[in-house]
Amino acid sequence: MLIRTPKLSELKENQLTAQSVYSNRRNILKGLGYLGAGALLTGNKANAFNLFGTADKSPFKTRDLSFSQLTSEIDKQILTPDQKVISHNNFYEFGTGKSDPVEASQNFKVDPWTLKIDGLVEEPITLGYEDLYKAFDLEERIYRLRCVEAWSMVVPWIGFPLQKLLQKARPLSSAKYVAFETLYDPKQMPGQKSRFSGGGIDYPYVEGLRLDEASHPLTLMSVGLYGKTLPPQNGAPIRLVVPWKYGFKSIKSVVSIRLTDKMPPTTWNRLAPSEYGFYANVNPQVDHPRWSQGSERLITTGNLFNRNRVATKMFNGYEEVAPLYKDMDLTRYI
Amino acid sequence: MFRLNKNHILLLKVFLHCAAFLPLARLYYCAFADKLGADPVQVILHFTGIGAFNLLLLSLLVSPVAKNLRQGQLINIRRPLGLYAFTYALFHFLSYIAFDLQFEWQLLISEIFKRPYIYVGFISLLILTVLALTSTKSIQRKLGSTWQKIHNWVYLALLTVSLHYFWSVKSGLIQPIMYICFALLLTFVRYKKLTKNLKRQNQRI
Ligand code: HEM
């Protein structure tokens, strides 16, 4: 169940150096000059070089989780450092820049939380905040997360297989698809307030899987990473992780899981149907109009000189899912 | 009436060098020290890209401002602004090759031909390169009226850079659209002069 990662011996020394300290990062960014900043003409805050940024807020409190640990020491050394995992996010509800979510989400309220599982099931379920951590045994899974923008990270998630949740709800035989929805709360999520700040997306963010994809043992509902509960920018308190699909399928801060008999709409597909399909399986053969998908930059430790461009693998390396698509032309069903 | 004199211009130039060069130096320093967030490559591409576009727009703003405010001396900062726009664009391109593609030359060639946003970016850079190479006073004198013809291409570059930006973003087109409006405005302000030049050229032909 662990991802196939390069052997330790294949990694270069500078990828294995001790984790750098990032606490000072935002101050450095603020100190940088303004001429390159998008702020010069537009006052856009989505730029990492936000000279006029707001003062740092007290960070969101995460707590330790108990879970069964599969990670060996060797696995740990190839992980993307936690400071990178929690500071480089695509979560447009909190702004479109990569560093916006960590800055805009620290006061996000996750308790109380309600996650509803309903639709074509025999037994609709409602999980409250505490249930998220107690209803199922938690386990650690190290997955590579491959963004459609051709970068990737290696993340130690904590969670439970979605399969277990679905089994508990007992899908009806008519159920063919699973539709997911993110919280809609413009008061807390500034990106949802206007098209300007949220990247032109029609909120709430929605995603979907075929039922057999959702039931695959690799499909995870994650409630934590790096041993702790999820911070808001990574999708607190509960998110989906589907490691063989592009990152945008792994919907964050989920409030609704609904079983349906029709293929549900998905956010990026609605926004640009020719660029993002329903399946969005990682596929080096099929380029995005803007990015070659043949290779990716694997974000680890190390500076600019890190030669971190690696070949992208079919299904992000998780070939055990291939049977799900055995009669499908995956150059057509993107 | 207040007139900018040579000393003012000198001060302005010193300020411009600080404001343009130091951030660039600091950007690469932070990137090499791994202090630029999780993905320094993306930060560099965005910083140098927007920086080049800002500087290009500023350089084109100089002459209408100088004319309208009757500050003839101001025209002297147009060249350094233009050269910095080129410098930022060059660093943008070189960073793309060195840190994003990591010297995969085949990928570079295929990207330039396959991706519309990359090839319009490439065309922009070619134009800026020609303008930078022909920007010295002596070359300007040598080329005579041809010089102005060549340097009118900057408006073509403005168009291709706008397209490059517009096509490069995934979603959220508002900022690129604002840039495009500003670029169009600048072109419009110079429209009369441009058409006059073109007419003159046509008459000669
Ligand atoms: C061959 C030449 C060029 C190449 C290969 C190139 C490549 C790129 C790439 C890869 C991006 C980032 C797209 C992303 O977000 O993933 C980008 C963005 C951008 N580039 Fe270029 N570029 C070139 C020339 C130029 C020139 C000449 C200018 C301006 C004078 C420019 C201005 C920009 C701007 C404004 C952005 C958007 C930055 C943002 O979204 O914040 N580029 N370019």
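Every value quoted in this text rests on a predicted model; they were computed, and no experiment measured them.

(A) Seen up close, the layout of surface pockets. Residue and element names in this part refer to chain B. The space that makes up the second largest pocket amounts to roughly 720 Å³. In terms of lining, the second largest pocket is formed by 29 residues, of which the most central are Arg78, Arg79, Ser135, Trp147 and His151. Where the lining of the second largest pocket is concerned, the elements lending two or more residues are helix 2 (40-68), helix 3 (78-100), helix 5 (116-133), helix 6 (137-143), helix 7 (145-151), helix 8 (154-168) and helix 10 (191-204). No other element matches helix 3, which puts 7 residues into the lining of the second largest pocket. For the lining of the second largest pocket, the residue count by class is 14 nonpolar, 9 polar and 6 charged.

(B) Representation of the pairing of strand 11 (residues 295-298) of chain A. Residues and elements named next belong to chain A. Burial of the side chains of strand 11 extends over both faces: Ser295 and Arg297 are buried on one face and Glu296 and Leu298 on the other. Pairing of strand 4 (residues 151-161) with strand 11, which is carried by 2 bridges, proceeds in the parallel orientation. Residue pairing in the sheet places Ser152 in a bridge with Leu298 of strand 11. By the bridge criterion, 3 bridges tie strand 11 to strand 12 (residues 309-311) in an arrangement that is antiparallel. In the strand pairing of strand 12, Glu296 is matched with Val310.

(C) The arrangement of the coordination of the iron atom of the ligand in detail. Residue and element names in this part refer to chain B. Within the protein, the iron atom of the ligand binds to His92 (NE2) and His164 (NE2); these donor distances fall in the range 1.9 to 2.0 Å. Residue classification places His92 among the partly exposed positions, given a relative accessible area of 21%. The exposure class of His164 is buried, given its relative accessible area of 19%.

(D) Geometry of the interface of chain A and chain B. Taken together, the contact between chain A and chain B spans 52 residues of the former and 47 residues of the latter. Carbon and sulfur atoms make up 59% of the surface buried where chain A meets chain B, a total of about 4200 Å² over both sides. Connecting chain A to chain B are 7 salt bridges. The residue Asp287 of chain A makes a salt bridge to Lys114 of chain B at a minimum N-O spacing of 3.1 Å. Of all elements in the fold, only helix 1 (25-31), helix 2 (39-42), strand 4, helix 9 (267-271) and strand 11 of chain A reach the threshold of two or more residues within the side of chain A that touches chain B. Top element by residues in the side of chain A that touches chain B is helix 1 of chain A. It accounts for 4 residues. Residues of the side of chain A that touches chain B, tallied by class, amount to 24 nonpolar, 18 polar and 10 charged.

(E) Representation of the nonpolar core within the structure. Counting residues in each nonpolar core, the largest one holds 80 residues, and the members touching the most others are Ile117, Leu162, Leu165, Phe180, Trp244 and Ile257 of chain A. Per-element accounting of this core gives the leading share, 6 residues, to strand 4 of chain A. In this view, Leu165 of chain A contacts Ile117, Ile125, Leu127, Phe136, Phe160 and Ile257 of chain A; residues no more than four positions away in its chain are not counted. Residues Phe53, Leu56, Tyr96 and Ala157 of chain B belong to the second largest nonpolar core, which totals 58 residues.

(F) Structural view of the side chain of Glu93 of chain A. Residues and elements named next belong to chain A. With respect to the helices and strands, Glu93 occurs in the loop between helix 4 (82-85) and helix 5 (100-104). The side chain of Glu93 is buried and forms no salt bridge, while Lys252, the nearest opposite charge, is found at 7.3 Å. Filtering out sequence-adjacent residues up to four positions away, Glu93 remains in contact with Thr182, Met189, Pro190, Gly191, Gln192, Tyr203 and Tyr205.

(G) Geometry of empty space enclosed by the protein. For the structure on display, the rule yields 4 cavities of 30 Å³ or more. Computed from the structure, the largest cavity encloses a volume of approximately 400 Å³. The wall of the largest cavity is formed by 26 residues, among which Asn90, Phe91, Gly247, Phe248 and Lys252 of chain A lie closest to the centre. Per-element accounting of the lining of the largest cavity gives the leading share, 4 residues, to strand 4 of chain A. Taken together, the residues of the lining of the largest cavity break down into 15 nonpolar, 7 polar and 4 charged. Its volume calculated, the second largest cavity comes out at about 110 Å³. Those elements that place two or more of their residues in the lining of the second largest cavity are strand 11 of chain A together with helix 2 of chain B. Grouping the amino acids of the lining of the second largest cavity by side-chain chemistry returns 7 nonpolar, 7 polar and 3 charged.

(H) Inspection of the site of the ligand at higher detail. Neighbouring the ligand are 21 residues; His46, His92, Phe93, Phe122 and His164 of chain B lie closest to it. One chain alone does not account for the residues near the ligand; they come from chains A and B. For the ligand, an oxygen atom lies 2.8 Å from a polar atom in the side chain of His46 of chain B. His92 of chain B is positioned such that a nitrogen or oxygen atom in its side chain is 2.7 Å from a nitrogen atom of the ligand. Where the shell around the ligand is concerned, the elements lending two or more residues are helix 2, helix 3, helix 5 and helix 8 of chain B. Here the shell around the ligand gets 7 residues from one element, more than from any other, and that element is helix 5 of chain B. Across the shell around the ligand, the residue classes tally to 14 nonpolar, 7 polar and no charged.

The rules we used
Residues numbered from 1 in each chain as written. Chains lettered and ligands numbered in written order. Predicted model: local features only at pLDDT ≥ 70, side-chain atom pairs only at ≥ 80, totals over all residues. Heavy atoms only, no water. 1 Å grid on protein atoms, 1.4 Å probe; cavity = no way out; pocket = protein on both sides within 12 Å on 5 of 7 lines; lining within 4 Å. Points joined across faces, edges and corners; volume = space filled by probe spheres on them. Helix = DSSP H or I, 4+ residues; strand = E, 2+ residues; numbered from the N terminus. Nonpolar A, V, L, I, M, F, W, Y, C, P; charged D, E, K, R; others polar. Buried < 20%, exposed > 50% of the residue type's maximum accessible area, 1.4 Å probe, protein only. Pairing = 2+ DSSP bridges. Donors = N, O, S within 2.8 Å, 3.2 Å for Na, K, Ca; no water. Contact = heavy atoms within 4.5 Å. Buried area = accessible area lost by both parts, 1.4 Å probe. Salt bridge = Lys/Arg side-chain N within 4 Å of Asp/Glu carboxyl O. Core = buried A, V, L, I, M, F, W, Y, C linked by side-chain atoms within 4.5 Å. Lys, Arg positive; Asp, Glu negative; His and termini not counted. Near = heavy atom within 4 Å. Polar contact = N/O pair within 3.5 Å; in protein donor to acceptor, adjacent residues only side chain to side chain.

So, to be careful, I would describe these as geometric facts and stop short of saying anything about function.
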